[in-house]
Amino acid sequence: AAAAVHDAHRPVHVRAAIRCATRRRIVTGMTPMTPSEKIDALIAKLADWRGKTLASIRKNILEADKEIVEEWKWMGSPVWERDGIIAVGNAHKEKVKLTFAHGASLPDPDKLFNAGLEGKVWRAIDVFEGDKVDARALKNLIRAAIEFNQSKKAKKKASKKTPAKKTAGVRR
C-alpha cells in the first residue's frame, strides 16, 4: 500500500515502464533491475533534450572517477556515490537538475552552481534546454565532491581512534 502511494507521484510513463519491466522480470525469472539499468530506462523514457542532457551529465560523472557507484533512491532518482553521496540527478519539466549533497563546501571556480546558492549544505546545477555544461568543469566539481567525502570519512575515522578525555568529577 505504501508503494502505491509513492507510485502516484511518478509520471504515468515512468509507472508504466516500471510495471512492464517488473512483469517482464517476474515472467522470465530475471533478477530485479540494477540501479544502472534503472537510470538507462529513465534516460530512454526521456525522449527529448532532457534525456540527452541527463545522459551527457551521467557520462561526465562516470568519467571523472572510475570508482563512482550509481544508485537509485528516493522514488526514482539517479544518485552517484563514492565514499558518500556526490550528486542526485532529476529531470523536471523544464530543466535537468544535478544537486550536489555538499555543494556549499566545494570550490566552484567555473561557477557551475546556479541554484540553491543560499543554502548551507547543498548546491545545484540547473540545466535548461539549449544550455551546454562544461565537461571539464563538471568533472573537476565531481572530483572535489569525492575529495570532500573522503576527508569527511577520514575525520570520522580519526575521531573514533582518539580516546575520549575523561573529565574529573565535580563535587558540590
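See above for the structure.
Reading the values: the criteria
Residues numbered from 1 in each chain as written. Predicted model: local features only at pLDDT ≥ 70, side-chain atom pairs only at ≥ 80, totals over all residues. Heavy atoms only, no water. Helix = DSSP H or I, 4+ residues; strand = E, 2+ residues; numbered from the N terminus. Buried < 20%, exposed > 50% of the residue type's maximum accessible area, 1.4 Å probe, protein only. Contact = heavy atoms within 4.5 Å. Arc of directions from axis to C-beta. Pairing = 2+ DSSP bridges. Axes fitted to C-alpha atoms, helices over the stretch in contact; angles between N-to-C directions.

With that out of the way, let us pick up the overall build of the protein. Check the secondary structure of the protein and you find five helices and five strands. Shown N-terminal to C-terminal, the secondary structure of the protein runs as helices and strands in the order α-α-α-α-β-β-β-β-β-α. Here the protein holds 172 residues, and the buried ones make up 34% of them. Sequence-distant contacts, at least 24 apart, represent 47% of the contacts inside the protein between residues at least 6 apart.

To continue, consider helix H3 (residues 35–45). Because an α-helix packs 3.6 residues into every turn, residues spaced three or four apart end up facing the same way. Of all the positions in H3, only Ile39, Leu42 and Ile43 are classed as buried. Buried positions in H3, seen along its axis, are confined to an arc of 95 degrees and lie on one side of it.

Spatial strand order, E1-E2-E3-E4-E5: five strands in an open sheet with antiparallel pairing. Since the sheet does not close on itself, it has two edges, and those belong to strand E1 (69–73) and strand E5 (123–128), each with one partner. For this sheet, the mean angle separating the axes of adjacent strands, direction not counted, is 20 degrees. Pairing of strand E3 (residues 85–91) with strand E4 (residues 95–100) involves five bridges; the strand directions are antiparallel. In the sheet register, Ala91 faces E4, and the bridge partner there is Val96.

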